[in-house]
Amino acid sequence: MEFAKKVLCIGAGYVGGPTMAVIASKCPEVQVVVADINAQRIADWQSDNLPIYEPGLDEIVKASLGRNLFFTTDVASAIAEADIIFVSVNTPTKTFGIGAGKASDLQYWEKTARQIRECSHADKIVVEKSTLPVRTAEAMGRILNANDEHVHFDVLSNPEFLAEGTAIKDLLNPDRVLIGGPETERGRAAVEEVAALYAHWVPRERILTTNVWSSELSKLTANAFLAQRISSINAIAALCEATGADIEEVAHAIGRDKRIGPKFLHASIGFGGSCFQKDILNLVYLCEHFGLPEVAAYWEQVVSMNAHQRTRFVANMIAKMFNTIVGKRIALFGFAFKADTGDTRETPALYVTRELVEERAHVVITDPKALGNARRDLADLPQDLITYEADPYKAAEGAHAIAVMTEWQQFRELDYKRIYASMEKPAFVFDGRNILDVDALYDIGFSVYPIGRPGKSRI
Ligand code: UDX
Ligand code: UDX
């Protein structure tokens, strides 16, 4: 079949895979190829066992696979054929050299840009999907356009705002699509080509176009604002615990103010995920780089508050459990960084597990989707102190405490009488997500400690 346009995405991860599957399903006349250097990932995308879990993803991939959606490890050939190339390779926090711990590690991005340059023999549009520091597109434009073949590249920024667990919903019905491009005639035409893809299903008034730098910075800013709301509510949660106020009531009361709004005000064990911390640290680094140390310190505090929330949670567990957890079995309910995903990147559960193992507790981890990732993440810890258990009832058997790490619906629906009967006494519940009914658990016999709300103690 002859396709009207050929789109390629380099990077078949949490962002690239779902985004391209949706573009393929909505633009049947467009060929969509997803390329990745990881052969296992590419094989998995074409199997019945997709490499990531997202509600609705299986159906959408199956509908287009082999029709106009293709996966490949042959990045070079895919580049040569494509008209529009999205780049969605990872940009983790740098772990070495200048800016270590804050700046973005751009090595994969730059390597990809050079490969695009080498394999291109005709003009192309290159779109950064990966979240990148402001002005990266400009730098990439310079690398790409320094070629001997007089091939011209237009570099655009089209950040992805999908959240994991709701990726397909967010992609099908985005609040906005943002496309930044150079303010030249060519640049505007390139932006229009990418906008035309989204216009297959997104109303035009939701497709925003800006200059490249605004687009890059908007992505970092959106994540910084979202994370800041969580750290803000968690800061107030600490005060609630000290004063007897209830964070749910406070959140409800302030959320009724239309200027504040009710969303993203759930106190928790802290935010996780691949983006928030990485993007804020990147923002901090940029501010420092541009000589704005006060602005940098302001945003860095959002990350410090998040770390404090986890440490506070573990300290509270130890204090309530008579100041020692050595040899005690503790069941962690959930390991994913949020419900409806198997993703464990930067999950608070990772830090909590490490701190509990440091205290020589025996940690039993249960999660409906994330046990495989948990095993990999914790491989360096003494394995005699960790058990992975798919069945939450078995995980809780003989445990001194349950600590809720992820707000999976399953955990709300368990038979806590049965669980209580199988546990060591006194039995504790530390609810890091405020999903369980404090009174009902207390009536069963538990001592219960939620976040930012009065607990109920039997000891
Ligand atoms: C990534 C970035 O982390 C994020 O900043 C950005 O907003 C979107 O892209 P994600 O899709 O979650 O997010 O990353 P990941 O699941 O790690 O996928 C990246 C993929 O790129 C991996 O499958 C990796 O194998 C691939 N890759 C990486 C390449 O194909 N080539 C490379 O040179 C490097
Ligand atoms: C986030 C942004 O929402 C998304 O727009 C961007 O593209 C990528 O980063 P994601 O990390 O997938 O998406 O999940 P999100 O739903 O934002 O949750 C992030 C973390 O914050 C999770 O650990 C979640 O449990 C936590 N959270 C969220 C809270 O603790 N309280 C809340 O009220 C909301």
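Provided above is the structure to which this section pertains.
Residues numbered from 1 in each chain as written. Chains lettered and ligands numbered in written order. Predicted model: local features only at pLDDT ≥ 70, side-chain atom pairs only at ≥ 80, totals over all residues. Heavy atoms only, no water.

Engineer: How should the sheet that holds strand β14 (residues 447-449) be read in this particular structure?
Structural biologist: In a beta sheet, neighbouring strands are held together by backbone hydrogen bonds and run either parallel or antiparallel to one another. Within the open sheet, the six strands sit side by side as β11-β10-β9-β12-β13-β14. Their pairing is parallel. Among the strands making up the open sheet, the edge pair consists of β11 (386-388) and β14. Strand-to-strand, the axes of this sheet are offset by a mean angle of 20 degrees, without reference to chain direction. When strand β13 (residues 428-431) meets β14, the two strands line up parallel, connected through three bridges. Residue pairing across strands places F430 opposite Y449, the latter belonging to β14. In the packing of helix α13 (residues 348-358) onto the sheet, the strands contacted are β9 (329-333), β10 (362-366) and β11, and the crossing angle to β9 comes to about 180 degrees. (Pairing = 2+ DSSP bridges. Helix = DSSP H or I, 4+ residues; strand = E, 2+ residues; numbered from the N terminus. Axes fitted to C-alpha atoms, helices over the stretch in contact; angles between N-to-C directions. Contact = heavy atoms within 4.5 Å.)

Engineer: Where do I start with the layout of surface pockets in this structure?
Structural biologist: One way to see where empty space is left: roll a probe the size of a water molecule over the atoms. Here the second largest pocket defines a volume of roughly 320 Å³. Counting residues per element, the ones that place at least two in the lining of the second largest pocket are α6 (136-145) and α11 (276-289). Sort the elements by how many residues they give to the lining of the second largest pocket and α11 lands first, with four residues. Grouping the amino acids of the lining of the second largest pocket by side-chain chemistry returns 10 nonpolar, four polar and two charged. (1 Å grid on protein atoms, 1.4 Å probe; cavity = no way out; pocket = protein on both sides within 12 Å on 5 of 7 lines; lining within 4 Å. Points joined across faces, edges and corners; volume = space filled by probe spheres on them. Nonpolar A, V, L, I, M, F, W, Y, C, P; charged D, E, K, R; others polar.)

Engineer: What is the right way to read the site of ligand 2 from this model?
Structural biologist: Around ligand 2, the surrounding shell holds 20 residues, and the nearest of these are F161, E164, S268, F337 and R433. For ligand 2, an oxygen atom lies 2.9 Å from a polar atom in the side chain of K219. Separating an oxygen atom of ligand 2 from a backbone N or O atom of G272 is a distance of 2.9 Å. Out of a free accessible area of 670 Å², ligand 2 has 90% covered by protein chains. Here the shell around ligand 2 gets four residues from one element, more than from any other, and that element is helix α9 (residues 212-243). Partitioned by chemical class, the residues of the shell around ligand 2 number 11 nonpolar, four polar and five charged. (Near = heavy atom within 4 Å. Polar contact = N/O pair within 3.5 Å; in protein donor to acceptor, adjacent residues only side chain to side chain. Areas by Shrake-Rupley, 256 points an atom, 1.4 Å probe, with all protein chains shown as cover.)

Engineer: I tried to follow the packing of aromatic side chains on my own but got confused; where do I start?
Structural biologist: Centre distance and the angle of the planes are the two values used to describe a pair of aromatic rings. The full count for this structure, using the stated rule, is 12 aromatic pairs. Summarising the aromatic geometry, the rings of F225 and W299 are spaced 5.8 Å apart at their centres and angled 35 degrees between planes, so their arrangement reads as tilted. On the criterion of sequence distance, the pair formed by F225 in helix α9 and W299 in helix α12 (residues 293-320) is long-range, its members being 74 residues apart. Ring centres of F322 and F428 lie 6.0 Å apart, and the angle between their planes is 70 degrees; on these two criteria the pair is classed as edge-to-face. (Phe/Tyr/Trp six-rings, centres within 6.5 Å; stacked < 30°, edge-to-face > 60°.)

Engineer: What am I meant to see in the pairing of strand β4 (residues 84-87) here?
Structural biologist: Working note: regular strand, side chains alternate between the two faces of the sheet. Neither face of β4 is left uncovered, since the one carrying I84 and F86 and the one carrying I85 and V87 both have all their residues buried. Note that strand β1 (residues 5-10) and β4 share four bridges and pair parallel. Note that in β4 the partner of C9 across the bridge is F86. Inspection of the sheet shows β4 paired to strand β5 (residues 124-128) by four bridges, in the parallel sense. Within β5, the position partnered with I84 by the bridge is I125. (Buried < 20%, exposed > 50% of the residue type's maximum accessible area, 1.4 Å probe, protein only.)

Engineer: Is there a simple way to explain the site of ligand 1 in this structure?
Structural biologist: Lining the immediate environment of ligand 1, one finds 20 residues, of which V15, D36, R41, K278 and R345 sit closest. Contact between ligand 1 and T91: an oxygen atom at 3.0 Å from a side-chain N or O atom of the residue. At 2.9 Å from an oxygen atom of ligand 1 is found a side-chain nitrogen or oxygen belonging to T131. Isolated, ligand 1 exposes 690 Å² of accessible area, and the fraction of that covered by the protein chains is 92%.

Engineer: Help me understand the side chain of T19, please; the structure alone is not making it clear to me.
Structural biologist: In this structure, T19 sits in helix α1 (residues 16-26). Side-chain polar atoms of T19 contact the backbone oxygen of V15, separated by 2.5 Å. Residues contacting T19, with those up to four places away along its chain left out, are K129, E160, L162 and L171.

Engineer: Looking at this structure, how should I read helix α10 (residues 247-255)?
Structural biologist: An α-helix turns once per 3.6 residues; consequently, residues spaced three or four apart project the same way. Residues I247, A251 and G255 constitute the buried set of α10. End-on, the buried residues of α10 take up no more than an arc of 65 degrees, which puts them together on one face. Those residues of α10 that are exposed and angled more than 90 degrees off the buried face are E249, H252 and A253. Tucked inside the fold, the buried residues of α10 contact α9. Sitting at the amino-terminal end of α10 is D246, which places a side-chain oxygen 2.8 Å from the backbone nitrogen of E248. (Arc of directions from axis to C-beta.)

Engineer: Just to check I follow, could you spell out the pattern of salt bridges for this structure?
Structural biologist: Close approach of charged atoms allows side chains with opposite charge to pair. Taken as a whole, this structure holds 20 salt bridges when the rule is applied. R186 is paired through a salt bridge with D154; the nearest N and O atoms lie 3.2 Å apart. Of the two residues, R186 sits in helix α8 (residues 185-198) while D154 sits in strand β6 (residues 153-157), which places them 32 residues apart along the sequence. Overall, R186 belongs to the partly exposed group, its relative accessible area being 38%. Judged by its relative accessible area of 9%, D154 is buried. Residues joined by salt bridges that share partners form a network here, namely K102, E288 and E300. (Salt bridge = Lys/Arg side-chain N within 4 Å of Asp/Glu carboxyl O.)

Engineer: Would you take a moment to explain the state of the cysteines for this structure?
Structural biologist: In a disulfide, the sulfur atoms of two cysteines are held together by a covalent bond. One pass over the full model with this rule turns up zero disulfides. Just so you know, C9 is unpaired, no disulfide at all, and the nearest cysteine sulfur is the one on C27, 14 Å from it. Under the relative-accessibility criterion, C27 is labelled buried at 0%. (Disulfide = S-S within 2.5 Å.)

Engineer: Is there a simple way to explain the environment of F313 in this structure?
Structural biologist: Within the fold, F313 resides in helix α12. Classification of F313 by relative accessible area gives buried; the value is 7%. Measuring from C-alpha to C-alpha, the distance between F313 and V7 comes to 46 Å, with 306 residues separating the pair along the chain. In this structure F313 touches I269, A403, M405, F430, D431, G432 and I451, once residues within four positions along its chain are discounted.

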